[in-house]
Amino acid sequence: MPMAAAVACAGAAAWVLGGSHSGARRARLMFAGDASVDSRPPSWEQLNHELRRLRARWRPEWWAPVAGVVLAVLGGSVLPVVAGAAGVPLLRRARRAAEERRTRERRGDAVITLCAALAGEVLAGRQPGEALQRAARESSGLGAAQPSVLAAARFGGDVPDALTAAARQPGAEGLLGLAACWRVAVDRGAGLAAGLDRLEEALRAERDQRADLRAQLSGPRATVVMLAGLPALGLMLGATLGADPLHVLLHSGAGLGCLLVGGALEAAGAWWALRIVRTAEST
């Protein structure tokens, strides 16, 4: 079973490197009359292109089954393959959560840039609608709602309502403050530029506070990662000393029991530590 899994992974890697049209290329190579096929070995530029394409397709969670296959070959058991396959959805969820967090941060920075650009356009003497259209060209703070917001600003629609709808995007909550400033400036004749300046300062202060909190929590996060990697370090040390820990864990009843209990405790400890860190971040 481990050897079959290794062969399957090698075949999948060959398919990824060859692409979806590799079979057609091989079929054309079988016919000598096809002069359009170049039988020369690939050049260094082609190899670099294939490596870049493979790197673009590769996802971090795919390392889990690869590591499972390696451990299965070394330990002579199919259990690491099953564990690696089970870890793929968990790692995919963690990767998507990290991508969503980065998207929220980029959108929040874009909202701050939008407020600063809009304040500058208003101070330059332009009307709020024209200023919003010009500022939106310099920033992507409106996101997917940019057409509706710009249409409301251009044709006399309800801009605050359009900004409130745009604020529902993750990371664009600062647009609620922009909608409030716009409503106060239009309804009561208050200065829009002054309100935008204060809003920009508040958003920057909030962003800096989150960055400072994340920097303070980097130590606990690093501790969690280090503690999670200690069992792997112990297995490496045992293998170096000649104790063969993989054989004990995968081919004996006591080893399987220790593996199950240790894995459950490891997962519970990592989840609890990360929950504490996330609670501190959200607070």
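Keep in mind that this is a model prediction, so the values were computed, not measured. Numbering of residues starts from 1 in every chain and runs along the sequence as written. Selection of residues for local features in this predicted model requires a pLDDT of at least 70, selection of side-chain atom pairs for listing and counting requires 80 or more, and totals for whole chains, interfaces and linings are taken over all residues. Calculated side-chain values reflect all of the structure's heavy atoms, with hydrogen atoms and water omitted.

A. Looking closely at the packing of helix H5 (residues 79-123) against helix H10 (residues 192-240). Where H5 meets H10, the axes come as close as 9 Å, and the angle between the chain directions of the two elements is 155°. Comparing the axis directions of H5 and H10 gives the class roughly antiparallel. Pair H5 / H10 crosses with left-handed handedness. Together, Arg-101, Glu-105, Asp-109, Val-111, Ile-112, Cys-115, Ala-116, Leu-118, Ala-119, Val-122 and Leu-123 of H5 and Leu-192, Ala-193, Leu-196, Asp-197, Leu-199, Glu-200, Leu-203, Arg-204, Arg-207 and Arg-214 of H10 make up the contact between the two elements. Here the contact of H5 with H10 is composed, by residue class, of 13 nonpolar, no polar and eight charged. Note on geometry: axes are lines fitted to C-alpha atoms, helical ones only across the stretch in contact, with angles between N-to-C directions running from 0 to 180 degrees. A run of H or I in DSSP counts as a helix once it spans at least four residues, and a run of E counts as a strand once it spans at least two, with each numbered from the N terminus. We call two directions roughly parallel when the angle between them is under 35 degrees, roughly antiparallel when it is over 145, roughly perpendicular when it lies between 65 and 115, and oblique otherwise. A clockwise turn of the near helix away from the far one marks a right-handed crossing, whereas an anticlockwise turn of less than a right angle marks a left-handed crossing. Any two residues having at least one pair of non-hydrogen atoms within 4.5 Å are treated as being in contact. Amino acids are sorted into nonpolar (Ala, Val, Leu, Ile, Met, Phe, Trp, Tyr, Cys and Pro), charged (Asp, Glu, Lys and Arg) and polar (every other residue, Gly among them).

B. Molecular detail of helix H4 (residues 63-75). Between the first and last residue of a helix there are one fewer steps than residues, each counted as 1.5 Å, and that sum is the expected span. Helix length check: H4 (13 residues) gives 18 Å between terminal C-alpha atoms against 18 Å at 1.5 Å per residue, within 8%. The buried label goes to any residue with under 20% of its type's maximum accessible area, the exposed label to any with over 50%, and the partly exposed label to all in between, with areas taken from a 1.4 Å probe on protein chains only. Among the residues of H4, Ala-64, Gly-68, Val-69, Ala-72 and Gly-75 are the ones counted as buried. Burial along H4 is one-sided: seen end-on, the buried residues are contained in an arc of 145°. With respect to the buried face of H4, the exposed residues turned more than 90 degrees away are Trp-63 and Leu-74. Gly-76 sits one or two residues past H4 and shows a positive phi near 65°. What the arc measures is the spread of directions leading from the helix axis to the C-beta atoms.

C. Spotlight on the pattern of salt bridges. What counts as a salt bridge is simple: a side-chain nitrogen of Lys or Arg found within 4 Å of a carboxyl oxygen of Asp or Glu. Counted according to the given criterion, the structure contains 13 salt bridges. In this structure, the salt-bridge partner of Arg-134 is Glu-130, at a minimum N-O distance of 3.5 Å. One end of the pair is Arg-134 and the other is Glu-130, both in helix H6 (residues 128-138) and four residues apart, which spans about a single turn. Judged by relative accessible area, which is 32%, Arg-134 ranks as partly exposed. Under the relative-accessibility criterion, Glu-130 is labelled partly exposed at 37%. We note a salt bridge from Arg-204 to Glu-200, for which the minimum N-O separation is 3.0 Å. Here Arg-204 and its partner Glu-200 are both found in helix H10, four residues apart, which amounts to about one turn of the helix.

D. Main features of the nonpolar core. Think of a nonpolar core as a cluster: buried Ala, Val, Leu, Ile, Met, Phe, Trp, Tyr and Cys residues, connected wherever their side-chain atoms sit within 4.5 Å. With 35 residues, the main nonpolar core has Leu-118, Leu-132, Leu-142, Val-149, Leu-175 and Leu-178 as its most contacted residues. Contributing elements (two or more residues each) for this core: H5, H6, helix H7 (146-154), helix H8 (159-166), helix H9 (175-188) and H10. Per element, the largest residue contribution to this core is eight residues, and it comes from H5. Sequence-distant contacts of Leu-142, that is, excluding residues within four places in its chain, are made with Leu-114, Ala-136, Val-149, Leu-150, Leu-163, Ala-166, Gln-169 and Leu-175.

E. Structural context of the packing of H10 against helix H12 (residues 253-282). Remark: H10 packs on H12, axes separated minimally by 10 Å, with the N-to-C direction vectors making an angle of 175°. In terms of orientation, H10 lies roughly antiparallel with respect to H12. Where H10 abuts H12, its residues Leu-213, Arg-214, Leu-217, Pro-220, Arg-221, Val-224, Leu-227, Ala-228 and Pro-231 lie against Glu-266, Ala-270, Ala-273, Leu-274, Val-277, Ala-280 and Glu-281. In the contact of H10 with H12, the residues fall into 12 nonpolar, no polar and four charged.

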